[in-house]
Amino acid sequence: MNESEINEMVIKCPACSVEGLAKSIMKEIEIPHFGKVLETTIQCPKCGFKHSDIIALEQNDPAKYVIKINKNNLSVRVVRSQSATVSIPEIGVKVEPGPKSEGYVTNVEGILTRFEDAVKKALKLFDDEQSQKNAKNTLKQIEELKKGNGTATLIIMDPFGQSNIVSENVEISEIPEEELRELKTGFSHIEE
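Peer 1: Please clarify how the sheet that holds strand E5 (residues 63–69) should be interpreted in this entry.
Peer 2: Whether parallel or antiparallel, the strands of a sheet pair through hydrogen bonds between backbone atoms. Read across the sheet, 5 strands follow the order E8-E7-E10-E5-E12 without closing on themselves; strand pairing throughout is antiparallel. Strand pairing shows two members of the sheet lacking a second neighbour, strand E8 (93–95) and strand E12 (171–173), which therefore form its edges. The sheet shows a mean angle of 15° between the axes of neighbouring strands, taken without regard to direction.

Peer 1: When you look at the packing of aromatic side chains in this model, what are you seeing that I'm missing?
Peer 2: How two aromatic rings sit relative to each other is set out by the distance from centre to centre and by the angle between their planes. According to the stated counting rule, one finds 0 aromatic pairs in the structure shown. Seen from the ring of Tyr104, Arg114 lies directly overhead, with NZ or CZ sitting 3.5 Å from the centre.

Peer 1: It is not clear to me how the nonpolar core should be interpreted in this structure. Could you clarify?
Peer 2: A general feature of soluble globular proteins is that nonpolar side chains tend to end up buried together. Grouped together as the largest cluster of nonpolar side chains are 28 residues, with contacts concentrated most on Ile69, Ile88, Leu154 and Ile165. Breaking this core down by element, the ones donating at least two residues are E5, strand E7 (85–88), helix H1 (108–125), helix H2 (129–146) and strand E10 (152–158). Looking at this core element by element, the count peaks at 6 residues for H1. Setting aside anything within four residues of it in sequence, one finds Ile88 in contact with Ile69, Val93, Leu112, Phe115, Ala152, Thr153 and Leu154.

Peer 1: How do you make sense of the state of the cysteines when you look at a structure like this?
Peer 2: A covalent bond between the sulfur atoms of two cysteines is what we call a disulfide. Summed over the entire model, instances satisfying the criterion amount to 0 disulfides. The thiol sulfur of Cys16 is not disulfide-bonded, and the nearest other cysteine sulfur, from Cys13, lies at 3.7 Å. Left without a disulfide partner, Cys47 is nearest to the cysteine sulfur of Cys13, which lies 3.7 Å away. Classification of Cys47 by relative accessible area gives partly exposed; the value is 40%.

Peer 1: I tried to follow the side chain of Ser83 on my own but got confused; where do I start?
Peer 2: Along the polypeptide, Ser83 turns up in the loop between strand E6 (77–80) and E7. According to the relative accessible area criterion, Ser83 is buried, its value standing at 0%.

Peer 1: Hey, could you run me through the sheet that holds strand E1 (residues 6–11) in this one?
Peer 2: Taking strand neighbours across the sheet as the criterion, the 4 strands line up as E1-E2-E3-E4 in an open arrangement whose pairing is antiparallel. This sheet does not close on itself; its edge strands, each paired only once, are E1 and strand E4 (50–56). Going from strand to strand, the sheet's axes swing by 15° on average, the running direction of each strand aside. The sheet contact formed by strand E3 (residues 35–43) and E4 spans 7 bridges and is antiparallel. Bridge pairing in E4 places Leu38 opposite Ile55.

So, how was this worked out
- Position labels on residues start from 1 in each chain and follow its written sequence.
- This being a predicted model, a pLDDT of at least 70 is required before a residue's local features are given, and a value of 80 or more before pairs of side-chain atoms are given or counted; all residues contribute to the totals for chains, interfaces and linings.
- Here the side-chain values reflect all heavy atoms present in the structure, with hydrogen atoms and water set aside.
- Here a strand pair is declared whenever DSSP counts at least two bridges between the two strands.
- Numbering of helices and strands runs from the N terminus, with a helix taken as a DSSP run of H or I at least four residues long and a strand as a DSSP run of E at least two residues long.
- All axes here are fitted lines through C-alpha atoms, helices being fitted over the stretch that makes contact, and every angle between N-to-C directions spans 0 to 180 degrees.
- Stacked, tilted and edge-to-face are the three classes assigned to paired rings of Phe, Tyr and Trp, where Trp is represented by its six-membered ring and a pair needs centres within 6.5 Å; plane angles under 30 degrees give stacked, over 60 edge-to-face, the rest tilted.
- Each ring is checked for a lysine NZ or an arginine CZ that lies within 6 Å of its centre and within 35 degrees of its normal; such an atom marks a charge sitting over the ring.
- By nonpolar core is meant a set of buried Ala, Val, Leu, Ile, Met, Phe, Trp, Tyr and Cys residues that side-chain atoms within 4.5 Å join together.
- Type-normalised accessible area, obtained with a 1.4 Å probe on protein chains alone, sets the label of each residue: buried when under 20%, exposed when over 50%, and partly exposed for intermediate values.
- Here, two residues are considered to be in contact whenever any of their heavy atoms come within 4.5 Å of each other.
- Criterion for a disulfide: a pair of cysteine sulfur atoms within 2.5 Å.

Purely geometric stuff here, so don't read any function into it on its own.
This is the structure we're talking about:
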């Protein structure tokens, strides 16, 4: 499959199970500073199901990407593979990969919005006073960062080196062996 070739097929919807309505689209593309990826989308017009993913087609060495979030870099492009852990330690937010993790391309502000959405969901799930207080405080910190007020550290740790923060100000380093062993990948494995 080359960059201009798009593979489309009609499939059974994974959500509503209606045969022959959902459309699956796969396209191989080259992302600058990242490499070749397979972009996949499944959409069902009947139930509204939509699933998008970006699957890296190249494997690199494990890598840690670090950038200071500030008002000048909210539009910096971020590529997160399905196996990467994303965190902002100063505000106590972290997303680790799981079996349903998706890769995506966004920007620093988009990462903040994803965390904001997750905290809002947590607000609805946990109604004890301490959880509510913590979540509201986290939302305020995210909001301030999105407005360009203050700074924080965005860290992406990818055991397969398939993520990227496209900026001359990003620090890219190896992941120490002890941290790499503890890092989740989102893939199941069986230990003997």
